[in-house]
Amino acid sequence: MVATDKSDLRPDLPPDADTLAAPPPDLTLEEAGRVARELFGISGSPSPLGSERDQNFRIESSEGTFVLKVSNSAEDPAAIDMQTKAMLHVAATDPELPIARVCPTPEGDLSAVLERNGGRHLVRLVTFLDGNELQPSDLGPGAFHDLGATVARVDRALRGFFHPAGASVLLWDVKQASRLRPLLGYVDDPEQSALVVRALDGFEKRALPVLPRLRAQMIHGDLSLSNVLFDAELRPTAVVDFGDMTHSPLACDLAVTLAAVLRGGENTFETAESVLRGYGTVTLLESEEVAVLADAVAARLAATVLISAWRVGRFGDNADYITAYDAGSWAMLELFDELGTNAVRERFLHAAAPALAWRNSEPLTPSGRSTSELLEKRNRLLGSAHYPLSYDRPLHLVRAEGVWMFGADGRRYLDAYNNVPVVGHGHPRVVGAVARQARLLNTNTRYLHEAAVELAQRLTATMPDELDTCVFVNSGSEANDLAWRVATAVTGRSGGIVAAHAYHGVTAALTDLSPSEWVSDERPAHVETVPPPDGYRGAHRRDENGWAERYAASIGDAVHRLNDRGHELAAMLLDPAWTSAGIFTDAAAYLPDALRRVHEAGGLFLADEVQAGFGRLGSSLWSFAPAGIVPDFVVLGKPMGNGHPVGALVMKSTLSDEFSKRQAPFFSTFGGNPVACVAALAVLDVIEEEGLLGQAAEVGRYLRGGLEQLARRHELVGDVRGEGLLAGVELVRDRETRAPAPETARAVANGMRDRGVLIGTTGTDANVLKIRPPLPFGRDHADLLLATLEETLTEAARSGAASA
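Bear in mind that the values here come from a model prediction, so they are computed numbers and not experimental data. (Residues numbered from 1 in each chain as written. Predicted model: local features only at pLDDT ≥ 70, side-chain atom pairs only at ≥ 80, totals over all residues. Heavy atoms only, no water.)

(A) Spotlight on the state of the cysteines. Enumeration over the complete set of coordinates arrives at 0 disulfides. Free of any disulfide, Cys-677 has its nearest neighbouring cysteine sulfur in Cys-470, separated by 8.7 Å. Residue classification places Cys-677 among the buried positions, given a relative accessible area of 0%. (Disulfide = S-S within 2.5 Å. Buried < 20%, exposed > 50% of the residue type's maximum accessible area, 1.4 Å probe, protein only.)

(B) Structural view of the sheet that holds strand 17 (residues 569-574). Pairing within the open sheet is mixed, and its 7 strands lie in the order 14-20-19-18-17-15-16. With one partner strand each, in any of the chains shown, strand 14 (467-473) and strand 16 (527-530) form the two edges of the open sheet. Adjacent strand axes in the sheet meet at a mean angle of 20 degrees, parallel and antiparallel pairs treated alike. The pairing of strand 15 (residues 495-499) with strand 17 spans 3 bridges and is classified as parallel. Paired with Ile-497 across the two strands is Met-572, which belongs to strand 17. (Pairing = 2+ DSSP bridges. Helix = DSSP H or I, 4+ residues; strand = E, 2+ residues; numbered from the N terminus. Axes fitted to C-alpha atoms, helices over the stretch in contact; angles between N-to-C directions.)

(C) View of the pattern of salt bridges. Evaluated as defined, the whole model comprises 51 salt bridges. As a salt-bridge pair, Lys-85 and Asp-81 come within 3.2 Å of each other at their nearest N and O atoms. In this pair, Lys-85 and Asp-81 are both assigned in helix 3 (residues 77-93), 4 residues apart and thus about one turn of the helix distant. Under the relative-accessibility criterion, Lys-85 is labelled partly exposed at 38%. For Asp-81, a relative accessible area of 28% puts it in the partly exposed group. Between Asp-337 and Arg-198 there is a salt bridge, with its nearest N and O atoms 3.0 Å apart. You can see Asp-337 sitting in helix 11 (residues 326-339) and its partner Arg-198 sitting in helix 5 (residues 190-207), a full 139 residues away along the chain. Take Arg-198: its relative accessible area is 43%, and that puts it in the partly exposed class. (Salt bridge = Lys/Arg side-chain N within 4 Å of Asp/Glu carboxyl O.)

(D) Structural detail: the pairing of strand 3 (residues 64-70). Burial analysis of strand 3 places 5 of its 7 residues in the buried class, which makes it a mostly covered element. One ladder, built from 7 bridges, connects strand 2 (residues 55-61) with strand 3; its direction is antiparallel. The residue of strand 3 that forms the bridge with Arg-58 is Val-67. As paired strands, strand 3 and strand 6 (residues 119-127) are joined by 5 bridges and run antiparallel to one another. Note on strand 6: the bridge partner recorded for Lys-69 is Arg-124.

Put into structure tokens, the structure is as follows:
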């Protein structure tokens, strides 16, 4: 029930609640005209203007158009003095800002006193600013951008202003939202009441403790669409009503504006992006400021509905004005609640990326060189044929953190592709370990050092007992190359089997063993390929009994072809997750059968964990482990040092011992150096201590569930597969024929890049979207990826239909 006796609800409200509880002035038009004439010497025709707690009149006179402002009798005179002096300060510091100018009395006073019905009202006269009070639906991205810039200009103009009244506690001040809990009794609907409680709880838990360390100053306090007016070209043309001024964090001023434009509008996060980026053109935002906005906006929306519910019972004749924003506020509170604060916060951070200030003072591009200039110089010095760039529009990056990468233009990109920073870009644990060891000692394995031995012990402990020997190198390519040397030396054979479109490294030997690198399918005579276990478009489908084993049977045929050419099998190199061939993690029976067939042929079996290792699948550190097999070699690389160059070959000691009898002892100058080893040890520590295996499994399930929902809505998506934080989304031209759509996949990857999310493509036809983010990737990041992919697929389908 609605509370009818507010006496028990009022004690904890801010002092200015008395102003909101007091009835506004009730001058007639005739009285207003007389007041303007007698107190300010202005004769004209008055007409009413809206106000929450005061009374405002437009005065048309021969001397111009003015606004007569009659304050509430409960208003603190000091607050009126603050507002007036703030307007004078803003007019002096930014004369181009469209704010009203204060008109003094004939005696030079900035306000006058009106005694009426036992009450005492302060009265002011200011110039009238023409403009339209618009709704969010009336505005577009450009107008929202200009609104954000206007808010920042007002904040900047107020930067050097202070008044003792700014320390007063105000009901509408966002940071005081928790003090509105006594008004919950005025909300009829229990579900709506619970919604407000959740919003206030989140604000108190996450935002309130952070606010004291954010930038704070005197702020306008209500730069909403009621107080920022627009002209016919949708440009801000008036900033009015300084009645909610207070000393508060800048983020609170921005939260008020965001709450005003998001409620009742569409394209929620696109609108927020425009406002935030507009703000950033004047004043860069700090990441902590943006991070609190989700809760601060929710708190402002909660304040709106609570104060409305309280006041509408007292002033029913002003109900339309008081409740004007209720419907939109409730709708936006429900949306935030449904999405979850973490998701909203990430969307705001993503939207605000170009408006964010850097944590240090280093310039984004130390050379001052533009992206186009850098590209030209790169091609000239590095060779345009080398180091191919991702995306049609090259991405110029300057730093990264966690699951985010930052461009030279300040834009933030969600990294859903790079497996190298497995525990997140720039993880402080890894960076700290590298820095400490680099200062202490960095040498080679011709000397004793604890780090290499500890790392070997830690790695072999995660694998089957037979895999007991570790050799450190600098990359996955070097590890694979060494494994191939060992295999050919120990077996005395030369033949190799790899998957079609596989990639295993950059050396000459490995280029032969990497079909994805072959030019015009020039297969080396000593290499054979087998098809990946593609249960969607391949020769054997998932609905067939024994389909995985049928794919494994092709290994026998490959062995025979090698024998016919005089190359008996030395080894089969296989990525257990088939990340370069299209991502196939659902062929559980393939690996055991493949291992058996390779051993029967006298060859050795290598599990290449360079892409899928270190916990990517969520069930184990290694992608071969769920199959229960014991490979002869396991190759580690890319994510091993979280970006610091380090690789390893883990093998059976019997193979290592036999190799040492046949060839000179292996040594790598930088392989196993102390800095590389402590980096790898730190990676193992972080994976364990931060529970990243479990997170990869849980978030991976959530992500694939979202991708499968997308597949039901988009005909372009033929198949969704993967495990943990490795996902493949296969795009097809037609679901019936399953014809691949590589051009569409390329367009989608580029479209995602343009929208701030990085993915890649893979597969024999390059038609599979490859999603492979760092392991700290959370549900909120998955939500952002899914929302962006939905938008990009929709655009791709529309473009395809148009071109057809």
